[in-house]
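Topology and contacts: notes
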Number of protein chains: 2
Amino acid sequence: MTERLIDPDSLKLAQPCPIRDVLDRVGDQWSLLVLGMLEPRTKRFNELMREIGDISKQMLSRTLKRLEQDGFVARTVYPEVPPRVEYTLTDLGRSFLDPLKQLVGWADVNHRAIVAARRSYETSAERA
Amino acid sequence: MTERLIDPDSLKLAQPCPIRDVLDRVGDQWSLLVLGMLEPRTKRFNELMREIGDISKQMLSRTLKRLEQDGFVARTVYPEVPPRVEYTLTDLGRSFLDPLKQLVGWADVNHRAIVAARRSYETSAERA
DNA sequence: TCCATAGGTCTATTTAATAGACCTGATATG
DNA sequence: CATATCAGGTCTATTAAATAGACCTATGGA
């Protein structure tokens, strides 16, 4: 345990790979899903909750906040009671749909192959 | 809390959206990164560890195992001592690189805009 | 009077990720 | 001969994150 003047990790964190930075954000449990949900039109908080079905309030709230921070989504509050809040894709968010669609298209085409691979792995694992 | 014959959630879990199924797998902290690392050539475990730098052994092990299960990656063990294990992209894994590259390209182009959005959000948050 | 509403936040519990010790067994070193 | 080293992991203990669900707000309606 020797002391050192500069911790190498601090450098890494100070200048992270831009691609990792972006992928870490959108590549979480829910972001891609929410962005997909917002494609057809502006939606409200509870509407997203219902459509996704198995996300917790807190996670939806956090996910939307991050997407807003990163400029993917715009949040509009109407000062009514009960409150009304609408979420819309920004131009940046909309431009992201293009690569996202490629990904979804790939997933759609290759899902069967993946399921097959899982089964094959399971059966071949009966070597234990 | 009434009893019911069928839990609706069980149906949801039994027949998940194929796209969510796939995206949940690749859309975790490390999978995309590992797939990217394997693009140029076959690599060994510790080689991946070193290149990624901030992944734990256990997570790399788990990530590789899932990628193998899902058919993205092939694992070859050479029965030597000390052991040698190589990881290679399968055809399926390689085909996934195409949409992944789109995503990486987008991230590369739009990273600046995202960083700018974060800063703008921070300053505008001085309304508290 | 008191309940319902939309969009959250707060807290307690469950789950996942990290760090790091430990294991293997053939070869190299002292 | 005893010991240290190598790669590729697994196991355990600690720390961080996700979930579930109570709670809050202020207004309009029963």
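Report on the accompanying structure. (Residues numbered from 1 in each chain as written. Chains lettered and ligands numbered in written order. Predicted model: local features only at pLDDT ≥ 70, side-chain atom pairs only at ≥ 80, totals over all residues. Heavy atoms only, no water.)

**Focus on the overall build of chain A**
- Assigned secondary structure in chain A consists of six helices and three strands.
- Secondary structure elements in chain A, listed N-terminal to C-terminal, are α-α-α-β-α-α-β-β-α.
- Expressed as a percentage of its 128 residues, the buried residues of chain A come to 37%.
- Surface summary for chain A: the accessible area is close to 8100 Å², and the carbon and sulfur share equals 53%. (Helix = DSSP H or I, 4+ residues; strand = E, 2+ residues; numbered from the N terminus. Buried < 20%, exposed > 50% of the residue type's maximum accessible area, 1.4 Å probe, protein only. Areas by Shrake-Rupley, 256 points an atom, 1.4 Å probe, with all protein chains shown as cover.)

**Details of the interface of chain B and chain A**
- Opposite the 41 residues of chain B that make contact, chain A presents 41 residues.
- Here chain B meets chain A over a buried area of about 3900 Å², counting both sides, of which 65% is carbon and sulfur.
- Along the contact surface separating chain B from chain A lie six salt bridges.
- With its nearest N and O atoms 3.1 Å apart, the salt bridge here joins Asp21(A) to Arg118(B).
- Linking chain B with chain A are 13 residue pairs in polar contact (both at pLDDT 80 or more), by the criterion used here.
- Among the secondary structure elements, those contributing two or more residues to the side of chain B that touches chain A are helix H2 (18-26), helix H3 (31-38), helix H5 (57-69) and helix H6 (91-124) of chain B.
- The residue makeup of the side of chain B that touches chain A, split by class, is 20 nonpolar, nine polar and twelve charged. (Contact = heavy atoms within 4.5 Å. Buried area = accessible area lost by both parts, 1.4 Å probe. Salt bridge = Lys/Arg side-chain N within 4 Å of Asp/Glu carboxyl O. Polar contact = N/O pair within 3.5 Å; in protein donor to acceptor, adjacent residues only side chain to side chain. Nonpolar A, V, L, I, M, F, W, Y, C, P; charged D, E, K, R; others polar.)

**Side note on the sheet that holds strand E3 (residues 84-89) of chain A**
Residues and elements named next belong to chain A.
- Spatial ordering of the open sheet is given by E1-E3-E2, a layout of three strands whose pairing is antiparallel. For this open sheet the edge positions go to strand E1 (43-44) and strand E2 (73-78), each flanked by a neighbour on one side alone.
- Across six bridges, the pairing between E2 and E3 is antiparallel. Residue valine 77 lies in a different strand from E3, and its bridge partner there is valine 85. (Pairing = 2+ DSSP bridges.)

**Observations regarding the pattern of salt bridges**
- Using the criterion set out here, one finds 20 salt bridges over all chains in the structure.
- Of the charged contacts, one joins Asp70(A) and Arg25(A) as a salt bridge, the two residues approaching to 3.6 Å between their closest N and O atoms. You can see Asp70(A) sitting in the loop between helix H5 (57-69) and E2 and its partner Arg25(A) sitting in helix H2 (residues 18-26), a full 45 residues away along the chain.
- Overall, the relative accessible area of 3% leaves Asp70(A) in the buried class.
- When the shortest N-O distance is used, the salt bridge between Lys43(B) and Glu51(B) registers 3.1 Å.
- Overall, the relative accessible area of 4% leaves Lys43(B) in the buried class.
- A single network of salt bridges, built from pairs that share partners, joins Asp21(A), Arg25(A), Asp70(A) and Arg118(B).

**Looking at H2(B)**
- Buried within H2(B) we find Arg20(B), Asp21(B), Val22(B), Leu23(B) and Val26(B).
- Against helix H3 (31-37), helix H4 (45-52) and helix H6 (91-124) of chain A together with H3 and H6 of chain B lie the buried residues of H2(B).

**As for the protein's contact with DNA strand D**
- The environment of DNA strand D is made up of 19 residues, and the closest members are Gln58(A), Met59(A), Lys57(B), Arg75(B) and Tyr87(B).
- Near the protein, meaning within 4 Å, the atoms of DNA strand D are sugar or phosphate in a fraction of 62%, with bases accounting for the rest.
- Lys57(B) has a polar side-chain atom sitting 2.6 Å from a base oxygen of DNA strand D.
- Within the backbone of Pro83(B), an N or O atom sits 3.2 Å from a sugar or linking oxygen of DNA strand D.
- For the surface near DNA strand D, the leading source of residues is H5(B), giving four residues.
- Class assignment for the residues of the surface near DNA strand D results in eight nonpolar, five polar and six charged. (Near = heavy atom within 4 Å.)

**Topic: the relation of the copies chain B and chain A**
- Of the transformation superimposing chain B on chain A, the axial component is 0.0 Å and the angular component is 180°, with the fit at an RMSD of 0.0 Å. Accordingly, the operation relating the two chain copies is best matched by a two-fold axis. When C-alpha distances to the rotation axis are compared across chain B, the minimum falls at Gly27(B), with a value of 2.3 Å.
- Counting the interface residues of chain B, we find that 100% of their copies in chain A are interface residues as well, pointing to one common contact surface. (Least-squares fit on C-alpha atoms with pLDDT ≥ 70 in both.)

**So, the protein's contact with DNA strand C**
- The environment of DNA strand C is formed by 20 residues, the closest being Lys57(A), Arg75(A), Tyr87(A), Gln58(B) and Met59(B).
- A breakdown of the atoms of DNA strand C within 4 Å of the protein gives sugar and phosphate a share of 59%.
- Contact distances for DNA strand C include 3.0 Å between a sugar or linking oxygen and a side-chain N or O atom of Arg44(A).
- Between DNA strand C and Val85(A), the relevant distance is 3.0 Å, taken from a phosphate oxygen to a main-chain nitrogen or oxygen of the residue.
- Counting residues per element, the ones that place at least two in the surface near DNA strand C are H4, H5 and E3 of chain A together with H5 of chain B.
- Here the element with the most residues in the surface near DNA strand C is H5(A); it accounts for four residues.
- Tallied by class, residues from the surface near DNA strand C come to nine nonpolar, five polar and six charged.

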